[in-house]
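# Observations on the three-dimensional arrangement
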Amino acid sequence: ISWQHGTEVRRDNASSLNGFNALSLWLTSTGYIFIEPDYLGLGISEILHPYCLKNPSAWTTIDLIRAAETFSFIRPDFESNDELMLVGYSEGGYVTMAAHMMIEDENINEFNLLASFPMAGPYDLSGSMVDVMLSYQPYDEPFYLPYVLVPYISYYEMGNLDEYFLPEYAEIFEYVFNGDYSSSYINSLLPNIPITVLLPEVIDEFTNDLEHPLRLNLEANDLWDWTPENDIHL
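What this report covers is the structure whose coordinates are included nearby. The shown structure was predicted, so the numbers you read here are calculated from the model rather than taken from an experiment. (Residues numbered from 1 in each chain as written. Predicted model: local features only at pLDDT ≥ 70, side-chain atom pairs only at ≥ 80, totals over all residues. Heavy atoms only, no water.)

To continue, consider unusual backbone geometry. One can expect most non-glycine residues to show negative phi and most peptide bonds to be in trans. For Asp82, which is not glycine, the phi dihedral falls at a positive 75 degrees. Its place among the elements puts Asp82 in the loop between α3 (54-74) and β2 (83-89). Classification of Asp82 as partly exposed rests on a relative accessible area of 30%. Despite not being glycine, Asn107 shows a phi value in the positive range, around 55 degrees. Examined against the element boundaries, Asn107 turns out to sit in the loop between α4 (91-105) and β3 (112-119). (Helix = DSSP H or I, 4+ residues; strand = E, 2+ residues; numbered from the N terminus. Buried < 20%, exposed > 50% of the residue type's maximum accessible area, 1.4 Å probe, protein only.)

Structure follows, in structure tokens:
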């Protein structure tokens, strides 16, 4: 069973640094092989975390599954039957569905995917999630918006942060997502209506231009428009 954890901002909150938890103790004591990927940019990885980016999210999970399989080959006391289940919540729901989609799209057949259980993930980034962010409504966790946008701007080489965010926030976003700061600390620096950290002209362009580069890149990372071959339990 590969468990994909929910959103983390601090690098040292990653699974590999926190040790065992109730979920891992329960599943391993009942005979399952339990793995939990850190994701890129968390744990010992010091790059910018590619939050809600389909490909790096999926491959990080698949690579750890492959590592567990390899370990079973070299350790005779550690056996795997190649059957796999994927489970995740929040960001982990997104990562779970991305991994399921990638396994099928790339015809990765070295393990037998029985089912996936993606929970509470932002699968429709360019639709439902955009609607929430453009609503100008207060939001309890305003850090989510820049946590998505900052890596998208970097990953897709869409320019500098000050081309998207008001100067006082562009300066903050240059460093607060480096893995050293908590989400609660970042929230304390932000307005409770997330969209107001953006330049007004950027909001206008994004709202009115259906071919806006950011909108197209979000659409490229949507996960809802495909037909799975194996069971998914939402």
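From this point, the narrative continues.
On to the pairing of β2. Judged from the three bridges that link them, strand β1 (residues 2-4) and β2 form a sheet pairing that is parallel. Counted as the bridge partner of Gln4 is Gly88 from β2. In the sheet, β2 pairs with β3 via seven bridges, with the strands oriented parallel. Bridge pairing in β3 links Leu86 to Ser116. The β-α-β motif built from β2, the intervening α4 and the parallel element β3 has right-handed crossover chirality. (Pairing = 2+ DSSP bridges. Right-handed = clockwise from strand over helix to strand, strands pointing away.)

With parallel pairing, the four strands of this open sheet are ordered in space as β1-β2-β3-β4. Sheet topology places β1 and β4 (231-232) at the edges, where each strand pairs with a single neighbour. Here β3 pairs with β4 via two bridges, running parallel. Directly across from Ala115, in β4, lies its bridge partner Asp231.

A separate point is a negative patch on the surface. On the surface, a cluster of negative charge is contributed by Glu201, Asp204, Glu205, Asp209, Glu211, Glu219 and Asp225. A per-element tally of the negative patch places helix α9 (residues 200-208) first, with three residues. With respect to the helices, strands and loops of the structure, Glu219 is situated in helix α10 (residues 213-220). (Patch = residues over 30% accessible without salt bridge, like charges linked within 9 Å, V, L, I, M, F, W, Y side chains within 5 Å. Areas by Shrake-Rupley, 256 points an atom, 1.4 Å probe, with all protein chains shown as cover. Salt bridge = Lys/Arg side-chain N within 4 Å of Asp/Glu carboxyl O. Lys, Arg positive; Asp, Glu negative; His and termini not counted. Charge placed at Lys NZ, Arg CZ, Asp CG, Glu CD.)

Side chains carrying opposite charge are able to pair once their charged atoms draw close together. Under the criterion given, the structure shown has four salt bridges. One salt bridge in this structure joins Asp180 and Arg11, with 3.9 Å as the shortest N-O distance. In this pair, Asp180 is assigned in the loop between α7 (167-173) and α8 (183-188) and Arg11 in the loop between β1 and α1 (15-18), connecting sequence segments 169 residues apart. Overall, Asp180 belongs to the partly exposed group, its relative accessible area being 47%. The closest approach of N and O atoms between Arg66 and Glu110, which form a salt bridge, is 2.5 Å. Note that Arg66 is positioned in helix α3 and Glu110 in the loop between α4 and β3, a separation of 44 residues in sequence.

When its volume is computed, the largest pocket comes out at roughly 420 Å³. Considering the residues around the largest pocket, the lining is formed by 24 residues, among which Met129, Met133, Tyr144, Leu145 and Val148 are closest to the centre. Class assignment for the residues of the lining of the largest pocket results in 21 nonpolar, two polar and one charged. Of the voids in this model, the second largest pocket is the one considered here, and its volume is about 270 Å³. Lining the second largest pocket are 17 residues, and of these Ile1, Ile33, Asn81, Glu83 and Leu84 lie nearest its centre. Of all the elements in the fold, those that place two or more residues in the lining of the second largest pocket are α3 and β2. (1 Å grid on protein atoms, 1.4 Å probe; cavity = no way out; pocket = protein on both sides within 12 Å on 5 of 7 lines; lining within 4 Å. Points joined across faces, edges and corners; volume = space filled by probe spheres on them. Nonpolar A, V, L, I, M, F, W, Y, C, P; charged D, E, K, R; others polar.)

Summarising the element assignment, Gly121 is placed in the loop between β3 and α5 (125-133). The class for Gly121 is buried, based on a relative accessible area of 17%. Once the C-alpha coordinates of Gly121 and Leu223 are considered, the two residues, 102 residues apart in sequence, prove to be 9.8 Å apart. If near-sequence neighbours (up to four positions away) are discounted, Gly121 is found in contact with Ser90, Gly93 and Tyr94. (Contact = heavy atoms within 4.5 Å.)

If you look at the biggest cluster of nonpolar residues, it comprises 56 residues, and the most contacted ones within it are Phe165, Phe173 and Leu198. If we ignore the near neighbours within four places in the chain, the residues touching Phe165 are Pro146, Leu149, Val150, Ile153, Ala170, Phe173, Val197, Leu198 and Leu199. Core analysis: the next-biggest nonpolar cluster, separate from the first, contains five residues, Ile1, Leu27, Phe34 and Val87 among them. (Core = buried A, V, L, I, M, F, W, Y, C linked by side-chain atoms within 4.5 Å.)

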